[in-house]
Amino acid sequence: MKNTKRCPKCSSQNIVRVPDNQNRHASGNNIYTSTFTLMKKIPVIRYVCCDCGYVENWVEMQKERDEIKRTFG
């Protein structure tokens, strides 16, 4: 959905990008690459189809994906 702007389930183009809220701490849809809760928080951005409810999760920045690979790979 991020790239096509179309839902893969229902073909709707009624897609909304839900960004991370940087003011939230230790909650939400984040990936933590440190044992310290507020350190190294990588946001997971959600794309939601407002017609059928299908959701995709994306880590949008390459440097953040590289950090995930270093930590968990």
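Report follows, based on the coordinates.

So, on to the pattern of salt bridges. A full pass over the atoms with the stated rule returns 4 salt bridges. The closest approach of N and O atoms between E60 and R17, which form a salt bridge, is 2.7 Å. Within this pair, whereas E60 is found in the loop between β5 (55-58) and α1 (62-72), its partner R17 is found in strand β1 (residues 15-18), the two being separated by 43 residues in sequence. Overall, the relative accessible area of 40% leaves R17 in the partly exposed class. R70 is paired through a salt bridge with E67; the nearest N and O atoms lie 2.8 Å apart.

One open sheet holds the 3 strands; their spatial order is β1-β4-β5, and the pairing between them is antiparallel. On the outer flanks of this sheet lie β1 and β5, each paired with one strand and no other. Each strand of the sheet is rotated relative to its neighbour by a mean of 20°, with strand direction disregarded.

Moving on, we get to the nonpolar core. Of all hydrophobic cores here, the largest spans 5 residues; its members are M1, C7, I45, Y47 and C49. Leave out the neighbours within four places in its chain, and M1 touches R6, C7, P8, I15, Y47, V48, C49, Y54, V55 and E56.

Time to look at the environment of D66. Note that D66 resides in helix α1. Engagement of the side chain of D66 in a polar contact is seen with the side chain of Q62, the distance being 2.8 Å.

Analysis parameters
Residues numbered from 1 in each chain as written. Predicted model: local features only at pLDDT ≥ 70, side-chain atom pairs only at ≥ 80, totals over all residues. Heavy atoms only, no water. Salt bridge = Lys/Arg side-chain N within 4 Å of Asp/Glu carboxyl O. Helix = DSSP H or I, 4+ residues; strand = E, 2+ residues; numbered from the N terminus. Buried < 20%, exposed > 50% of the residue type's maximum accessible area, 1.4 Å probe, protein only. Pairing = 2+ DSSP bridges. Axes fitted to C-alpha atoms, helices over the stretch in contact; angles between N-to-C directions. Core = buried A, V, L, I, M, F, W, Y, C linked by side-chain atoms within 4.5 Å. Contact = heavy atoms within 4.5 Å. Polar contact = N/O pair within 3.5 Å; in protein donor to acceptor, adjacent residues only side chain to side chain.

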